[in-house]
Amino acid sequence: MNANIIYIKKKIYFAPLLKNNNKSMFINKCTLFVALFFCTSISIFAQQKHTFSGTITDQSNNEKLIGIGIYFPDLKKAFNTNEYGFFSITLPSGDYKIIISAGGYETVEETISLASNLRKDFSLVTKQNQLKEVVVGGRGGRAEIRKPEMSVNKLTSATIKKIPSVLGEPDVIKSLLLLPGVTNAGEASSGFNVRGGGADQNLILLDEATIYNSSHLFGFFSVFNPDAIKDLKLYKGGIPAQYGGRAASVLEIYQKEGNSKDFHGTGGIGLLTSKLMLEGPIVKDRASFLVGGRASYAHLFLKLDPELKDNSAYFYDLNTKLSYKLNQNNNLYLSGYFGRDVFAFGTRFSNTYGNSVINTRWNHLFSEKLFTNLSLIFSDYYYGLKLDAVGFNWSSGIKNYNIKYDFKHYLSDKIKLNYGINVQYYDFNPGLIEPSSPTSGINTKQIDKKYALDNAFYLGVEQNITSSLSVNYGLRYSMFYRLGQSTINTYENNNPVIYNPIVQIYESAKPNGSIIYDKNKVIQNYNNFEPRLAANYRLDEIQSVKASYNRMTQYLQLISNSNSPTPLDVWMPSDNYIKPQIADQVALGYARNIKGGDYSLEVETYYKEVQNRLDYIDGANLIANEAIEQVVLNGQMRAYGIEFMLKKNEGDLNGWISYTIAKSQQKTPGRTPEELGINNGEWYTSAYDKTHNLAITGTYDMSKKWSFASNFIIQSGQPVTYPQGQYDYLGMITPSYGLRNANRLPAFHHLDISATLTPKKNDGRRFKGEWVFSIYNVYNRKNAMSISFRENPDTGMNEAVKMSVFGIIPAISYNFKF
Amino acid sequence: MKTVYISIIALLSLISLCGCEEVIYVDLDTETPRLVVEAFLKWQKGTTGSNQFIRLSTTTDYYTNTIPPVKGAKVSVKNQNTGEVFEFAEDLTNKIGGIYICITFKPVIGNEYTLTIETNGQTYTATEKMISVVPIDKIVLDTENAGINMGGEDRSRYKVFFTDPADTKDVYWMKVLTDTDRNGVLTDDTFFNGNQFSIPYSFKKDQNGLSMDFALIGISPSYFSYINIIMSLAGGRGGSPFATPPATARGNIVNQTDKNNYGLGYFSLSEMDVKTITVVVQPPPK
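Procedures and definitions
- Residues numbered from 1 in each chain as written.
- Chains lettered and ligands numbered in written order.
- Predicted model: local features only at pLDDT ≥ 70, side-chain atom pairs only at ≥ 80, totals over all residues.
- Heavy atoms only, no water.
- Helix = DSSP H or I, 4+ residues; strand = E, 2+ residues; numbered from the N terminus.
- Buried < 20%, exposed > 50% of the residue type's maximum accessible area, 1.4 Å probe, protein only.
- Contact = heavy atoms within 4.5 Å.
- Areas by Shrake-Rupley, 256 points an atom, 1.4 Å probe, with all protein chains shown as cover.
- Rg over C-alpha atoms; globule rule 2.2 N^0.38 Å.
- Lys, Arg positive; Asp, Glu negative; His and termini not counted.
- Charge placed at Lys NZ, Arg CZ, Asp CG, Glu CD.
- Buried area = accessible area lost by both parts, 1.4 Å probe.
- Salt bridge = Lys/Arg side-chain N within 4 Å of Asp/Glu carboxyl O.
- Polar contact = N/O pair within 3.5 Å; in protein donor to acceptor, adjacent residues only side chain to side chain.
- Nonpolar A, V, L, I, M, F, W, Y, C, P; charged D, E, K, R; others polar.
- Pairing = 2+ DSSP bridges.
- Axes fitted to C-alpha atoms, helices over the stretch in contact; angles between N-to-C directions.
- Core = buried A, V, L, I, M, F, W, Y, C linked by side-chain atoms within 4.5 Å.
- Patch = residues over 30% accessible without salt bridge, like charges linked within 9 Å, V, L, I, M, F, W, Y side chains within 5 Å.
- Phe/Tyr/Trp six-rings, centres within 6.5 Å; stacked < 30°, edge-to-face > 60°.
- Lys NZ or Arg CZ within 6 Å of the ring centre and 35° of its normal.
- Expected span 1.5 Å × (residues − 1).

Participant: Tell me about the overall build of chain B, and name the residues and values.
Facilitator: Along chain B, the regular secondary structure elements total two helices and 17 strands. A total of 286 residues make up chain B; the buried ones form 53% of that total. In chain B, the share of contacts with a sequence separation of at least 24, taken over all contacts with a separation of at least 6, comes to 67%. Accessible area of chain B: about 12,700 Å², with a carbon and sulfur share of 52%.

See below:
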């Protein structure tokens, strides 16, 4: 109580200075921290101020609308809804005019009278004269020039669905590749690379649950069903304190809650996949369900071929969500995801892998100013392989138990706090080998399971310092514990990789002993402070400059030395030999809205350094390796670049042009002057380096009946290593390679178009169908997925072979809603 | 484990079938030639192992189809345990050249040998122990999988059985010497230590009735990782998104004169057991 009294005294003392004295601002900030820890529930400006709070939903289905701004024209201020559609604004008592304007919805204009705390929920009505499906303009539209948010891209499900794609199947991950600073290893490769980072450095969250593998069929499709998704947000930099655990980016994907007004369905029939999503009320306006399924059936065509009839290759996934609004202050959500890929060659070989996720969330309003969310998440990635010929079954995976308690504290119209706690327990199974039959010569073997506990506390403050300057500063404190039960090898000089100076290569050291740690005994722990800062300075009503800094710590490592992840890759925790990756990134940006926001321009530049990026010694065998520490060295990584994005947000024709010029490099120097290091210890181009990356995408709504969309992408080829010669060893013609990634594949480009036909008979009918005709890679560019070198078996001559995956691919699909 | 890996690659290749391949010309830089040493001394059980050869060549431009031999070199192998030196003389009857032979070699399991090569004013050396191997127990036709259709061809699968010693870390190379197009199977005993284990190997229809020599070769762990790299490099998987960064395959050949002008290849000594069978490739079961 003492603290409270002191605090209030200070408040009174500084109150007159608040408006025009920066120094007092700083002290004020400190008092706020004190306030936070001692009297979180005390209303700070209680004397004359009141809180206006509520939710904004879509009137047609009660879906919460994320990131919708409530504009106060008299104050020239806008406040946005959070990811659960909630807003809270504390203002001096009085009458205020408010405007809620979001693309696709009728604008709401009214005057609120704030004489006491006011709770008011808004249901936005879809515009009647819309030609096409609503594209919610609150996200993905104008450039953000008020909030201290940068290096963030938002896409709605509707935008994703409009982008032409391979075989007409809308794809979440592929649509990200049209954004500045995002690339991948080419067609049919999984994952994505943000600002020159590895695919393992992206944190992918589906309704807050971590997804460990984002691809189906080795990268042909992503695991997210676009019908079940509301929208997504990709943080490439300036990452807020609430997120942690990956070095490069955070991709937040929000699933729909399900329509709590009426029963509806959405579906599609395509050449390769079909999908159906059903949603509806369980208790009208209060409880809803959503269930969406998707499956590929291309393997059925294999049955037609007598030689391939015993083989199969397919995937399926299932999204589910239950939402229950207990009352105005409490909401419950249960989300689930289950996806699997299955390959089989007769009975000899079968392979299954995929993610499963279940998440229970409780939204609770402690007060009109304090919004909380408690999440209990279980996430699992499984990989299984059955090889009859060798007589064994293999399984590996990762299980993650995650508790998040997040508080959004709307202190005043100037300050918003976001604080919370995150506790995660990991159970890694690097591999279990079992005999597949009693006659198999294989011994059952469990590669030592690994356990870890990852805790974090965070506090982020979003503050409007002046009417032009707003900042978001915060700190995340992460604590990582690698836990037993485990047997840890020990090595001479604590060095699991030795350098052989005679032949100048790195070799695995032989353990000189081992330490057995009991269950839950701490083997190694790491603590890190991760400061975060983002600032926005509004130059005038239409433009702003931005700056940000973030430090991110990544405690999990994906053990993979291929250019893009494979389903077999194993995650492992940092330990006494493998240190966590630490990334520092600074970015500067400029954002401008042109013609009242019809167009927007965003330019950003960034510089990033990552410490302890793993690199693998030559010839490292990673599969079923029980002592990964013997084949890796801790290296470093750096990336920098400039990104441009010009968008047209309004009108029948909209879309964007994005261009990135960037560099991404890696280096693993020798640990002593005697050692050569990897690649002679020199900086080398990382596999994620794309010098130029230009993407143009646009949609044109011509009439009620027809709309068109098109993409064009051109980017530098993938870095690769070509041979500098050949030699013969035991009859094997072996290419001789030089330094890593010194060459590049040819430039990668393609143009895609699509046309959507909405028949007239849809008018006034509940069942609405549409036909989508698309052509991927219109001019049949044979983009190189790889160039490999081989000896021609007929001529005996060496040759270079370009492999390309997709030529021109026309597709037709039928989508429906009811 | 190597087999898992191979299967994954097979799987990836299957998926790749939907893509298309095209032979193109890529302009490549050529490095200065390096010495390549092929010194794989094998001692077949039941023989004296006195006849051995070593082949010397150099690296060359990637697109030529001739491998330049190294002639006029001085080659010798010394048993470090006994001090005995075996000279390898150039085989001048060989038309291509670069072959050095010795007919008085004495292999001893577990002894350490040093290879010395003098050529072009430079001296190269390499040291390795002779590795033993257990005998092949039996080679049997895998009746369940006889005459199966794999990759569009009728194949018959054989299983090569051997019993791994429990108290040692053993590495095997199973190679069908007469099936020259294929490199065989490499495996260590991680998953079957101390057990009788079998390595599957299948034959195509056109190999029906041929006599095949199965060799089980004991190799050292460092040679295992070397040959692993060579096989993946020679397999031509470079450049795909799933490919690992191509490595320079550094063997155990050291240039004592100029360290940076290192030699490629490997000096290794292995015991091997050879069993011969006549292959029967059955038609697929009706």
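Participant: Can you tell me about the overall build of chain A, naming the residues and giving the values?
Facilitator: Each helix and strand in chain A was counted, giving five helices and 53 strands. In terms of overall dimensions, chain A is globule-like: its C-alpha atoms have a radius of gyration of 28 Å, near the 28 Å expected for 818 residues. Referenced to the eigenvectors of the C-alpha coordinate spread, the extents of chain A come out at roughly 90 × 70 × 50 Å. Within chain A, the fraction of its 818 residues that count as buried is 61%. Sequence separation of at least 24 residues holds for 66% of the intrachain contacts in chain A that already meet a minimum separation of 6. For chain A, the separation between the mean place of its 86 positive charges and that of its 72 negative charges on side chains is 6 Å.

Participant: Explain the interface of chain A and chain B residue by residue, including any values.
Facilitator: Opposite the 76 residues of chain A that make contact, chain B presents 88 residues. Contact with chain B buries surface across chain A, with Gln726(A), Tyr727(A) and Tyr729(A) losing the most and accounting together for 10% of the total. Inspection of the chain A/chain B interface yields three salt bridges. Note that Glu21(B) is salt-bridged to Arg790(A), the shortest N-O span being 3.3 Å. At the boundary of chain A with chain B, the tally comes to 18 residue pairs in polar contact (both at pLDDT 80 or more). Of all the secondary-structure elements, those providing two or more residues to the side of chain A that touches chain B are β22 (330–345), β23 (349–367), β24 (370–387), β46 (723–729), β47 (732–737), β51 (786–791) and β52 (798–804) of chain A. Per-class residue counts for the side of chain A that touches chain B are 41 nonpolar, 24 polar and eleven charged. Alignment of β52(A) against strand β1 (residues 20–24) of chain B, held across five bridges, turns out to be antiparallel. Bridging across to β1(B), Ser804(A) finds its partner in Cys20(B).

Participant: With reference to specific residues and values, describe the sheet that holds strand β6 (residues 108–114) of chain A.
Facilitator: Each strand in a sheet pairs with its neighbour through backbone hydrogen bonds, running either in the same direction (parallel) or in the opposite one (antiparallel). All names here are of chain A. Ordered in space as β3-β2-β5-β6, the four strands form an open sheet in which the pairing is antiparallel. The strands lining the two open edges of the sheet, one partner per strand, are β3 (77–80) and β6. Going across the sheet, the axis of each strand differs from the next one's by a mean of 30°, ignoring polarity. Pairing geometry for strand β2 (residues 69–72) and strand β5 (residues 94–100), over two bridges, is antiparallel.

Participant: Explain the pattern of salt bridges to me, and be specific about the residues and the numbers.
Facilitator: As enumerated under the stated definition, the model contains 47 salt bridges over all chains in all. Connected through salt bridges with shared partners, the residues Glu63(A), Lys64(A), Lys230(A) and Glu257(A) form a single ionic network.

Participant: Before we move on, could you go through the nonpolar core and cite the residues and values that matter?
Facilitator: Counting residues in each nonpolar core, the largest one holds 67 residues, and the members touching the most others are Trp394(A), Phe203(B) and Phe214(B). Other than its neighbours up to four places away in sequence, Phe214(B) contacts Ile136(B), Ile139(B), Val160(B), Met174(B), Lys175(B), Val176(B), Tyr201(B), Phe203(B), Asp273(B), Val274(B), Lys275(B) and Ile277(B). In terms of nonpolar packing, the next biggest core, distinct from the first, is built from 31 residues, Leu155(A), Leu251(A), Val357(A) and Ile713(A) among them.

Participant: Hey, could you go over a nonpolar patch on the surface for me, with residue numbers and the actual values?
Facilitator: Residues and elements named next belong to chain A. On the surface, a cluster of nonpolar side chains totalling about 620 Å² of accessible area is made up of Ile282, Val283, Leu322, Tyr324, Leu326, Leu332, Leu334 and Ile358. Elements that contribute at least two residues to the nonpolar patch include exactly β19 (273–283), β21 (311–327) and β22. Considering each element in turn, the nonpolar patch owes the most residues, three residues, to β21. Note on placement: Leu322 falls in strand β21.

Participant: I'd love a proper account of the packing of aromatic side chains, names of residues and values included.
Facilitator: With the rule as written, the count across this model stands at 60 aromatic pairs over all chains. Pairing Phe87(A) with Phe122(A) gives two aromatic rings, centres 6.1 Å apart and planes at 40°, and the pair type is tilted. In this pair, Phe87(A) sits in strand β4 (residues 86–92) while Phe122(A) sits in strand β8 (residues 122–124), placing the two residues 35 residues apart along the sequence. Phe122(A) matches Phe87(A) in its accessibility class, with the two residues each being buried. Between Arg34(B) and the ring centre of Tyr262(B), over which it is positioned, the NZ or CZ distance is 3.8 Å. The aromatic ring of Tyr201(B) is capped on one face by Arg182(B), whose charged end is 4.2 Å from the ring centroid.

Participant: Quick one: what's the story with helix α2 (residues 221–234) of chain B, residue by residue and with numbers?
Facilitator: Every α-helix winds through 3.6 residues per turn, so residues three or four apart in the chain are directed the same way. Here α2(B) is 14 residues long and its end C-alpha atoms lie 20 Å apart, about the 20 Å a rise of 1.5 Å per residue gives. Along α2(B), the residues classified as buried are Tyr223(B), Phe224(B), Tyr226(B), Ile227(B), Asn228(B), Ile229(B), Ile230(B), Met231(B) and Leu233(B).

Participant: Go over the side chain of Gln715(A) with me, naming the residues and quoting the values.
Facilitator: All names here are of chain A. Following the sequence through the fold, Gln715 ends up in strand β44 (residues 706–715). Reaching out from Gln715, the side chain makes a polar contact with the side chain of Lys690 at a distance of 2.9 Å. Looking at Gln715, its side chain comes within polar contact range of the side chain of Asn693, at 3.2 Å. When near neighbours in sequence (up to four residues on either side) are disregarded, Gln715 contacts Thr183, Asn184, Lys690, His692, Asn693, Ala747 and Phe748.

Participant: An account of the pairing of strand β43 (residues 692–701) of chain A is requested, with residue identities and associated values reported.
Facilitator: Remark: a regular strand shows side chains that alternate across the two faces of the sheet. All names here are of chain A. The pairing of strand β41 (residues 653–667) with β43 spans nine bridges and is antiparallel. Counterpart to Ser658 in the pairing with β43 is Ala695. In this sheet, β44 lies alongside β43 in antiparallel orientation, the contact comprising nine bridges. Counted as the bridge partner of Thr697 is Asn711 from β44. The hairpin formed by β43 and β44 contains four residues between the paired strands.

Participant: An account of the sheet that holds β1(B) is requested, with residue identities and associated values reported.
Facilitator: Strand order in the open sheet made by the three strands is β51(A)-β52(A)-β1(B), with antiparallel pairing throughout. With one partner strand each, in any of the chains shown, β51 of chain A together with β1 of chain B form the two edges of the open sheet. Within the sheet, the average angular offset between the axes of one strand and its neighbour, ignoring direction, is 35°.

Participant: Tell me about a positive patch on the surface, and please be specific about residues and values.
Facilitator: Judged by side-chain charge, Lys761(A), Arg765(A), Lys768(A) and Lys817(A) come together as a positively charged surface patch. Mapping Lys817(A) onto the fold places it in strand β53 (residues 809–817).

Participant: Any details on the pairing of strand β15 (residues 211–218) of chain B? Residues and values, ideally.
Facilitator: Residues and elements named next belong to chain B. Counting buried positions over the eight residues of β15 gives six, a clear majority of the element. Pairing between strand β12 (residues 171–176) and β15: five bridges, direction antiparallel. Looking across to β15, one finds that Tyr172 is bridged to Gly218. One ladder, built from seven bridges, connects β15 with strand β17 (residues 264–278); its direction is antiparallel. Counterpart to Leu216 in the pairing with β17 is Asp273.

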